[in-house]
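Results of the structural survey
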Amino acid sequence: MVDGASGVRTRPLNPHFGVEVEGLKLSDVASGSGYEELRGLFEEHSALLFRAQDITDEQHLALARRFGVIEDRKADERKPGETVGVSHVTNVQEDGSLSGEMDLHTLHLKANFLWHIDSTFLPSPALTNILIARVVTTSGGATELASTRAAFAAMPETMRERLRKAVFRHHYSHSRAQISPELAKLPMFHKWPEQRWRAVVANPLNGAEAIYVASHVWSVEGMEEAEGRRFVREVLEFCTQPRFVYSHNWTPGDVLIWDQRAVLHRGTPWPWAEPRKLASLCVTMSEADGLAALRPALAA
Ligand code: OGA
Ligand code: MN
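Quick look at the structure, then.

Definitions and limits used
Residues numbered from 1 in each chain as written. Chains lettered and ligands numbered in written order. Predicted model: local features only at pLDDT ≥ 70, side-chain atom pairs only at ≥ 80, totals over all residues. Heavy atoms only, no water. Helix = DSSP H or I, 4+ residues; strand = E, 2+ residues; numbered from the N terminus. Buried < 20%, exposed > 50% of the residue type's maximum accessible area, 1.4 Å probe, protein only. Contact = heavy atoms within 4.5 Å. Areas by Shrake-Rupley, 256 points an atom, 1.4 Å probe, with all protein chains shown as cover. Lys, Arg positive; Asp, Glu negative; His and termini not counted. Charge placed at Lys NZ, Arg CZ, Asp CG, Glu CD. Near = heavy atom within 4 Å. Polar contact = N/O pair within 3.5 Å; in protein donor to acceptor, adjacent residues only side chain to side chain. Donors = N, O, S within 2.8 Å, 3.2 Å for Na, K, Ca; no water. Phe/Tyr/Trp six-rings, centres within 6.5 Å; stacked < 30°, edge-to-face > 60°. Expected span 1.5 Å × (residues − 1). Arc of directions from axis to C-beta. Pairing = 2+ DSSP bridges. Axes fitted to C-alpha atoms, helices over the stretch in contact; angles between N-to-C directions. Core = buried A, V, L, I, M, F, W, Y, C linked by side-chain atoms within 4.5 Å. Parallel < 35°, antiparallel > 145°, perpendicular 65-115°, else oblique. Left-handed = near helix turned anticlockwise from the far one by under 90°. Nonpolar A, V, L, I, M, F, W, Y, C, P; charged D, E, K, R; others polar.

Assigned secondary structure in the protein consists of ten helices and 16 strands. Along the three orthogonal principal directions, the C-alpha set of the protein runs to about 50 × 50 × 40 Å. Out of the 300 residues belonging to the protein, those deemed buried represent 53%. Here the contacts in the protein between residues at least 6 apart in sequence split such that 80% fall between residues at least 24 apart. Within the structure as shown, the protein displays about 13,400 Å² of accessible surface, and the carbon and sulfur contribution to it stands at 53%. Put simply, the protein has 33 plus and 38 minus side-chain charges, and the middle of one group is 3 Å from the middle of the other.

The next subject is the site of ligand 1. Surveying the vicinity of ligand 1 reveals the residues Val89, Asn112, His116, Asp118, Asn129, Leu131, Thr143, His265, Gly267, Arg276 and Leu278. At 3.2 Å, a side-chain N or O of Asn129 approaches an oxygen atom of ligand 1. At 3.1 Å, a side-chain N or O of His265 approaches an oxygen atom of ligand 1. For ligand 1, whose free accessible area comes to 290 Å², the fraction covered by protein is 95%. Mapped onto the shell around ligand 1, the elements with two or more residues apiece are β6 (126-135) and β15 (263-267).

This part takes up the coordination of the manganese ion (ligand 2). For the manganese ion (ligand 2), the full set of protein donor atoms is His116 (NE2), Asp118 (OD) and His265 (NE2), at a range of 2.1 to 2.2 Å. Between the donor residues of the manganese ion (ligand 2), the gaps in sequence give the motif H-x1-D-x146-H. With relative accessibility at 9%, the residue Asp118 sits in the buried group.

Moving on, we get to the environment of Lys165. You can see Lys165 is positioned in helix α6 (residues 157-165). A C-alpha to C-alpha distance of 9.9 Å links Lys165 and Glu221, two positions 56 residues apart in sequence.

Counted under the stated rule, the structure contains eleven aromatic pairs. Seen in terms of ring centroids, Phe113 and Trp270 are 6.1 Å apart; in terms of plane orientation they differ by 75 degrees. Their pairing is edge-to-face. Of this pair, Phe113 sits in the loop between α4 (104-111) and β6 while Trp270 sits in the loop between β15 and β16 (277-284); the two residues are 157 residues apart in sequence, bridging distant segments of the chain. Given a relative accessible area of 17%, Phe113 falls into the buried group. Between the aromatic rings of Phe121 and Tyr172, the centroid separation amounts to 3.7 Å while the plane-to-plane angle is 5 degrees, which identifies the pairing as stacked. Taken together, the residues span a long stretch of sequence, with Phe121 in the loop between α4 and β6 and Tyr172 in helix α7 (residues 172-177) at a distance of 51 residues.

Here helix α9 (residues 225-239) spans 21 Å end to end across 15 residues, near enough to the 21 Å set by a 1.5 Å rise per residue. Listing the buried residues of α9 in full gives Gly228, Phe231, Val232, Val235, Leu236, Phe238 and Cys239. Buried residues of α9, seen end-on, are gathered within an arc of 160 degrees and therefore sit on one face of the element.

Strand order in the open sheet formed by eight strands is β1-β2-β3-β4-β14-β6-β16-β5, with mixed pairing between adjacent strands. Whereas interior strands pair on both sides, the edge strands pair on one side only; in this sheet they are β1 (2-3) and β5 (87-90). The strands that helix α3 (residues 57-67) touches are β6, β14 (255-259) and β16; relative to β6, the one it contacts most, it runs at about 165 degrees.

What follows deals with α3. Among all positions of α3, only His60, Leu61, Ala62, Leu63, Ala64 and Phe67 are buried. Contacts from the buried residues of α3 go to α1 (26-30), α2 (35-45), β6, β14 and β16. One or two steps after α3, the chain reaches Gly68, where phi turns positive at roughly 150 degrees.

Okay, the sheet that holds strand β9 (residues 195-198) next. Taken in spatial order, the three strands line up as β9-β8-β12 in an open sheet, and their pairing is antiparallel. With one partner strand each, in any of the chains shown, β9 and β12 (217-220) form the two edges of the open sheet. Mean inter-strand twist for the sheet, computed between neighbouring axes without regard to direction, equals 35 degrees. Sheet analysis places strand β8 (residues 167-170) next to β12, joined by three bridges and oriented antiparallel. Residue pairing for β12: Arg169 is matched across the bridge by Ser219. Contacts from α9 reach β8 and β12, with the element oriented near 115 degrees to β12.

Turning our eyes to something else, we now look at the nonpolar core. Within the largest apolar cluster, 63 residues are counted, with the highest numbers of intra-cluster contacts made by Leu38, Leu163, Phe168 and Ile257. Contacts of Phe168, omitting those with residues within four sequence positions, involve Leu163, Gln195, Arg196, Trp197, Ala199, Tyr212, Val213, Val217, Ser219, Val220, Phe231 and Val232. Phe17, Tyr246, Leu256 and Trp258 belong to the second-largest nonpolar core, a separate cluster that totals 15 residues.

This part is about the packing of α2 against α3. Axis separation between α2 and α3 bottoms out at 11 Å; the angle between their running directions is 65 degrees. With respect to each other, α2 and α3 are oriented roughly perpendicular. In terms of crossing hand, the pair formed by α2 and α3 is right-handed. Where α2 abuts α3, its residues Tyr35, Leu38, Arg39 and Phe42 lie against Leu63, Arg66 and Phe67. Its residues assigned to classes, the contact of α2 with α3 comprises five nonpolar, no polar and two charged.

Quick look at the structure:
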């Protein structure tokens, strides 16, 4: 553990990125103290783990609002006055039963097992996801994070130069199509047109470059579709080598907060007969967080 000036202590999760944080209660950050320090750790380490946090949904929402505007993918479906709430990544259905292994909902959860960054298919993608373990399984169900900042730094310069010039095209349905063509057809995966993003993003505060890639990338500008997919596969394989990965086995009350500008993530399978429930809030990337720099200079 490394001691900070304020009594906050950190311990590395992986030699390249991520820290476990002690001495900072997220409920305090939610009610207004300690956000600056938390944000400093977020910018520097890309992923933060807090254990044994006692946080209500209201506090979860308040914590997310410190980072910015809470993402609302269902804004168009809401009734007037209805506000966004906490989302759940879970196989527990409204009536309490578990979704069947081949249900479309389960297939949607399985699409999370592909390495991705959240919401790259939205006109304004996510800056962070604040994930809290509510119900965990007896085995499996780890969430894995991979540092695309560390991976970029370790790449041969020729690949880095290629990536700095590349533009990736993201569409929600593409990640779903890799799991099931039927799933990919659902209207919820066709609400947004494709989004074009630079393949490399620099952190606006410290300049550290990272790769912005996801399971949602279906094409690379200026390449044949098959060639582009090969390139994306190669990039994803490089970034997700075990040395750049932290795998988190959940205990209820654990909270993971990661920087989507520098980290890929994925879920992993668990015994389908067991309930698993993570509470999730994504916060939208603002211009100050580097959204403008993600936009390619010219339209294709
Ligand atoms: C997510 C996600 C993975 C998991 O919440 O965005 O990808 O382990 N979760 O459930
Ligand atoms: Mn995700």
